[in-house]
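Coordinates in review
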Amino acid sequence: MAKKLTLFFILGLLTVLIGLIFAVIAFNSVSAVDGLAGIYTLFGLIPVIIIIILDRICVWKFGPKKVNKVQFYITGIFILLFILNWIRLQLQ
């Protein structure tokens, strides 16, 4: 099982776990705004579930090594873009 783990799968499972915990806490609070935040959180988990399903399909088809390599490249590009945006904001 450990050989089939990928970056997006681990991050997706953590996101789903934290999102569900937050949604349950928000649903059980008193205010209506917190209940709406819980509903928005549950709707926000739909794309995460889709990414997890696509990840598992790609691992089944291509293997975990190739999928992990592509996912690390994607993550690296997002981090690079985040850093470039931060630098742009600091220069303004």
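Below or above, wherever it landed, is the structure these notes cover. Values in this document were obtained by computation on a predicted structure and should not be read as measured data. (Residues numbered from 1 in each chain as written. Predicted model: local features only at pLDDT ≥ 70, side-chain atom pairs only at ≥ 80, totals over all residues. Heavy atoms only, no water.)

1. Concerning helix H2 (residues 32-62)
Taking 1.5 Å as the rise per residue, H2 with 31 residues should run 45 Å; its terminal C-alpha atoms sit 46 Å apart, in good agreement. By the burial criterion, the buried members of H2 are Gly-35, Gly-38, Leu-45, Val-48, Ile-52, Asp-55 and Val-59. Looking one or two places after H2, you find Gly-63, whose phi comes out positive at around 100°. (Helix = DSSP H or I, 4+ residues; strand = E, 2+ residues; numbered from the N terminus. Expected span 1.5 Å × (residues − 1). Buried < 20%, exposed > 50% of the residue type's maximum accessible area, 1.4 Å probe, protein only.)

2. Some thoughts on the side chain of Asn-68
For Asn-68, the position within the fold is in helix H3 (residues 64-91). A polar contact of 3.0 Å, which involves the side chain of Asn-68, links it to the backbone nitrogen of Leu-7. If sequence neighbours within four positions are ignored, Asn-68 has contacts with Leu-5, Thr-6 and Leu-7. (Polar contact = N/O pair within 3.5 Å; in protein donor to acceptor, adjacent residues only side chain to side chain. Contact = heavy atoms within 4.5 Å.)

3. Topic: the packing of aromatic side chains
Under the criterion given, the structure shown has 0 aromatic pairs. The aromatic ring of Phe-9 is capped on one face by Arg-56, whose charged end is 4.0 Å from the ring centroid. (Phe/Tyr/Trp six-rings, centres within 6.5 Å; stacked < 30°, edge-to-face > 60°. Lys NZ or Arg CZ within 6 Å of the ring centre and 35° of its normal.)

Nothing here speaks to function; it is geometry throughout.
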